[in-house]
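Okay, here's what each chain looks like letter by letter:
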2 protein chains.
Amino acid sequence: MKNLTKENVTDKVLGTFPADTNPREREILTSLIKHLHLFVRDVSLTTGEWLTAMDGLYRAGEISNPVRNEFILISDLLGVSSLVDLINDNAPIATETSPLGPFFVKDAPLLEPGGDMIEENSGTQGVVRGHVLTPEGKPIPGALLEIWQTAENGLYENVDPDQPKSNLRRRMKTGPEGNYAFTTIQPVSYQVPDDGPGWELLGMMGRNPWRPAHLHFKISAEGFRPLVTELFVEDDPYIDEDVVFGVRNSLAVSFATNSSQQDADQFNLKAPFWQVEFDFKLQSA
Amino acid sequence: MKNLTKENVTDKVLGTFPADTNPREREILTSLIKHLHLFVRDVSLTTGEWLTAMDGLYRAGEISNPVRNEFILISDLLGVSSLVDLINDNAPIATETSPLGPFFVKDAPLLEPGGDMIEENSGTQGVVRGHVLTPEGKPIPGALLEIWQTAENGLYENVDPDQPKSNLRRRMKTGPEGNYAFTTIQPVSYQVPDDGPGWELLGMMGRNPWRPAHLHFKISAEGFRPLVTELFVEDDPYIDEDVVFGVRNSLAVSFATNSSQQDADQFNLKAPFWQVEFDFKLQSA
């Protein structure tokens, strides 16, 4: 391997795999090495540019912490997360998926169907309800929904010391008809974090830093593939330019205003309030 | 951008660049996005595999510190650093280059030509000497050599609390004939760090973790392109399988034994000692 040249180095690197490596790991790493090398060759990356990249990755690590993974943000901004999501999507049999994002937290408090997530939060009040179903439309009782969203200031509770722990973050098990329902405030559009290499990358790309308002869902039930998805406010100003490419046609929904106090009474809300109806469909495992 | 599909997502991501982005940044990021997406498509990366990658990058950040950049190690192990080095090489006009590696430290103590770097170190003693020259063979007086190497235990001083600060790490200005010389111990072959994601990657690739013994040099002089290179012990057992692909034919040199006490006296050494003669050639800036 002393006789390395720019012409043969890729083949020499790929030639170092012994025969007994795990076939899937070999497939992934072989392709990764090939494509990283093609990229370096394509742009004739300079040593200075390579050092800038190494420094950016170092600083992405420095700014990451247990509730913030800057590498996920960078993957999101480059459309890699969205592509992985689309490749692994269940649609059209089941509900379309959308990336998990960096703000999911396990083991949120459990809420009964019909329960309230608003508590002390200010914001436009409303209700989200529907069912968790099989692709054929049969109810899935006892399915676990995990729900999380921004507060009115555009922040998730786990990155905002001013919010109570688990604020606007709940788990809920569907009722006998596969039904779920909860009252909450309308999520708001927000910018991705502006203090790390992800933000610098956005600057280089000259892109808008906004995500349209959305609710996150992770839904699991025995015998079904877990579903990670989002519901977007369809008339959000950023609905057509989500900075992390998470919006899907079928997931942009109406947060329709309802002026009936009789309807509002059902949920202990005051009219007018907004209302989302959405049935999730899970695919068999 | 609601109508994202796995077929169109790459074009949609590339379509977000406004017209006024910096042309070189656009070129690099466009190619990076294209090749990352090609990689994801090529192997049909699963969501779980993507999460494993995000976790690996997170942990690479966690284990990095101001004297250790795990991302540089990963780039080295995948042959990316070597490819960048080969693409930007000065050869054949000047001395071949080799990657900087993660152990360079600026502003090491200054040593006069002929000075001693051994101090309290045990190991096989010898001398390295030669000249810094133009491609035409004219001497470059006052060129700055920065030299760093492992101690006998295979560690660099900046990652080994048991070594004195700046141990086996010096700067030296060439004399009137472009001459340099220093006594030192023979560098040893060593394994890359075994406690981070880089090591895990090596395990997946089933590769040996060794670097052949080498001396690092960074050489600068006004009016010339800086030269980053290494000199390798040509009969090292790992000379043909450097884990980071840094060896070049012209940089594998003889650490020849010299039994003459008369020669040894010149350098305050005891015979037998080893001797390396090497002239570096710098290319005009």
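We now turn to the structure provided with this report. (Residues numbered from 1 in each chain as written. Chains lettered and ligands numbered in written order. Predicted model: local features only at pLDDT ≥ 70, side-chain atom pairs only at ≥ 80, totals over all residues.)

Here we come to the packing of helix 3 (residues 47-63) of chain A against helix 3 (residues 47-63) of chain B. At their nearest, the axes of helix 3 of chain A and helix 3 of chain B sit 8 Å apart, and the two run at 85° to each other. The orientation of helix 3 of chain A with respect to helix 3 of chain B, classified from their angle, is roughly perpendicular. On helix 3 of chain B, the residues that touch A60, G61 and E62 of chain A of helix 3 of chain A are A60, G61 and E62 of chain B. Here the contact of helix 3 of chain A with helix 3 of chain B is built from residues that sort into two nonpolar, two polar and two charged. (Axes fitted to C-alpha atoms, helices over the stretch in contact; angles between N-to-C directions. Helix = DSSP H or I, 4+ residues; strand = E, 2+ residues; numbered from the N terminus. Parallel < 35°, antiparallel > 145°, perpendicular 65-115°, else oblique. Contact = placed C-beta atoms within 7 Å. Nonpolar A, V, L, I, M, F, W, Y, C, P; charged D, E, K, R; others polar.)

Residues and elements named next belong to chain A. Along the chain, the position of V228 falls in strand 10 (residues 227-233). Look at V228 and you get partly exposed, because 19 C-beta atoms sit within 10 Å. As for V228 and E146, which are separated by 82 residues in sequence, their C-alpha atoms are 9.3 Å apart. The contact partners of V228, leaving out residues within four places of it in the chain, are T97, L100 and K218. (Buried ≥ 20, exposed ≤ 12 C-beta atoms within 10 Å, placed from the backbone.)

As a further point, take the interface of chain B and chain A. Counting residues at the interface gives 70 residues for chain B and 70 residues for chain A. At the level of elements, helix 1 (9-14), helix 2 (23-43), helix 3, helix 4 (70-77), helix 5 (80-87) and helix 6 (197-205) of chain B are the ones that each hand at least two residues to the side of chain B that touches chain A. The leading source of residues in the side of chain B that touches chain A is helix 2 of chain B, at 15 residues. Partitioned by chemical class, the residues of the side of chain B that touches chain A number 35 nonpolar, 21 polar and 14 charged.

Time to look at the pairing of strand 6 (residues 179-185) of chain B. Residues and elements named next belong to chain B. Counting buried positions along strand 6 gives six out of seven residues, so the element sits mostly inside the fold. Examined bridge by bridge, strand 2 (residues 115-116) and strand 6 share two bridges and lie parallel to one another. The partner of G115 across the bridge, within strand 6, is F182. Across seven bridges, the pairing between strand 3 (residues 125-133) and strand 6 is antiparallel. From the neighbouring strand, V127 faces strand 6, where its bridge partner is T183. (Pairing = 2+ DSSP bridges.)

Function-wise, these values are silent; they only describe arrangement.
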